[in-house]
Amino acid sequence: GFFQSHAVEVDIKDASNATCLYANWMMRFLITYESNTSDYKTTALNLSSSVTHNGSVCGNDTQAALVAVQFGEGHSWSINFTKNNETFQGDLITFTYNTNDTTVFPDAKRKGPVSVVVKDPTRPVQLNNVYVCHNIDLFEAENVTQIFWNVTVQPFVQNGTVSKKESRCPADTPTSAPTILPTTANVTTASTTTLSPAPTTPPKPVENPDTGNYSLKSGNKTCLLATVGLQLNISQDKPLLININPKTTTADGACGNTTATLRLNDGNSTLISF
């Protein structure tokens, strides 16, 4: 349960009541703020179950399309899309959080709305294609980490129907053949004359996680070092232990004057942020 957030669906209609822009996604924000005691704290802002999309517009050949959502106590997020003859692309992402929301920022020193504007790093998408990305995507700007997953979006929808042609993000592209689990249909039973039952093998205990060495650089200088073995103990439907494998885990993040962020991604949709 790392990402307890609600999905957002925006379906914008044109003057003829036909869909001109469609988006469905999940997102979460990690925000570092200064408290009343001049300490820096990091809090999580999730989408509430009540989200509005006032100000969203269809867009056309001369005007950018805009997805704008509002949620919680004065928080909002928006992205505008531009197009040419062949592709569309996200342009600017604007996120505004309100530190007057005492549920999320109980002791914020600075009160009121704070806006962060970043350039959308997503590559251009063919027109009349729907962009899909199920894997986690994130980027950091100033003191905010924006996290997205299960994204489906198509601006400039043609003929009022969302396209069935998908443009997948690189993270969704499989790198190897999927594992086929055995079933009664694909398992061949060999004949045997041995009737004695096979010995019962006790379940293998989960081993301690391997220790990884992770580091970040600021310019040409190392600004953060971490030597750590990580194991996740997830207890929802049933207990599940996951060891983070340093050989397949990448590290990124940022170092600031008063804060540093280390993010570890195991390439299997598990993201840990320190």
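Residues numbered from 1 in each chain as written. Predicted model: local features only at pLDDT ≥ 70, side-chain atom pairs only at ≥ 80, totals over all residues. Heavy atoms only, no water.

**Student:** What am I meant to see in the pairing of strand S6 (residues 75-83) here?
**Tutor:** Both faces of the sheet carry side chains from a regular strand, because those side chains alternate between them. Pairing geometry for strand S5 (residues 65-71) and S6, over seven bridges, is antiparallel. Within S6, the position partnered with Leu66 by the bridge is Asn80. Between S5 and S6, which pair antiparallel in sequence order, lie three residues; one of them, Gly72, sits at a positive phi of approximately 60°. Sheet topology places S6 next to strand S7 (residues 87-98); seven bridges connect them, and they run antiparallel. Paired with Phe81 across the two strands is Gly90, which belongs to S7. (Pairing = 2+ DSSP bridges. Helix = DSSP H or I, 4+ residues; strand = E, 2+ residues; numbered from the N terminus.)

**Student:** Any chance you could explain the layout of surface pockets here in plain terms?
**Tutor:** Rolling a probe over the atoms, with the probe sized like a water molecule, indicates the empty space that remains. Computed from the structure, the largest pocket encloses a volume of approximately 510 Å³. Forming the boundary of the largest pocket are 25 residues, of which Thr32, Tyr33, Tyr40, Asn143 and Thr259 lie nearest the centre. When residues of the lining of the largest pocket are traced back to their parent elements, those giving at least two are strand S2 (19-34), strand S3 (40-46), strand S12 (144-154), strand S18 (250-255) and strand S19 (260-265). When residues of the lining of the largest pocket are assigned to their parent elements, the largest contribution, four residues, is made by S2. Taken together, the residues of the lining of the largest pocket break down into eleven nonpolar, ten polar and four charged. Shared between two domains, the lining of the largest pocket takes at least three residues from each, and those domains are domain 1 (7-172) and domain 2 (211-273). (1 Å grid on protein atoms, 1.4 Å probe; cavity = no way out; pocket = protein on both sides within 12 Å on 5 of 7 lines; lining within 4 Å. Points joined across faces, edges and corners; volume = space filled by probe spheres on them. Nonpolar A, V, L, I, M, F, W, Y, C, P; charged D, E, K, R; others polar. Domains from an automatic or database assignment.)

**Student:** What am I meant to see in the state of the cysteines here?
**Tutor:** The term disulfide refers to a covalent linkage connecting the sulfur atoms of a pair of cysteines. Enumeration according to the criterion identifies three disulfides in this entry. Disulfide pairing places Cys20 opposite Cys58 at an S-S distance of 1.8 Å. Its S-S torsion of about -65° marks the bond between Cys20 and Cys58 as left-handed, since a negative value means left-handed. Here the residue Cys20 occupies a position in strand S2, and Cys58 occupies one in the loop between strand S4 (51-52) and S5, the gap between them amounting to 38 residues. With a relative accessible area of 8%, Cys20 lands in the buried category. Here Cys133 engages in a disulfide with Cys169; their sulfurs sit 2.1 Å apart. Where Cys133 bonds to Cys169 through sulfur, the torsion about that S-S bond is close to 75°, and the disulfide is right-handed. Separated by 36 residues along the polypeptide, Cys133 in strand S10 (residues 130-133) and Cys169 in the loop between strand S13 (166-168) and strand S14 (211-218) bring together distant segments of the chain. The burial state of Cys133 is the same as that of Cys169; both residues are buried. If the cysteines joined by disulfides in the protein are listed in sequence order, their pairing comes out as 1-2, 3-4, 5-6. (Disulfide = S-S within 2.5 Å. Buried < 20%, exposed > 50% of the residue type's maximum accessible area, 1.4 Å probe, protein only.)

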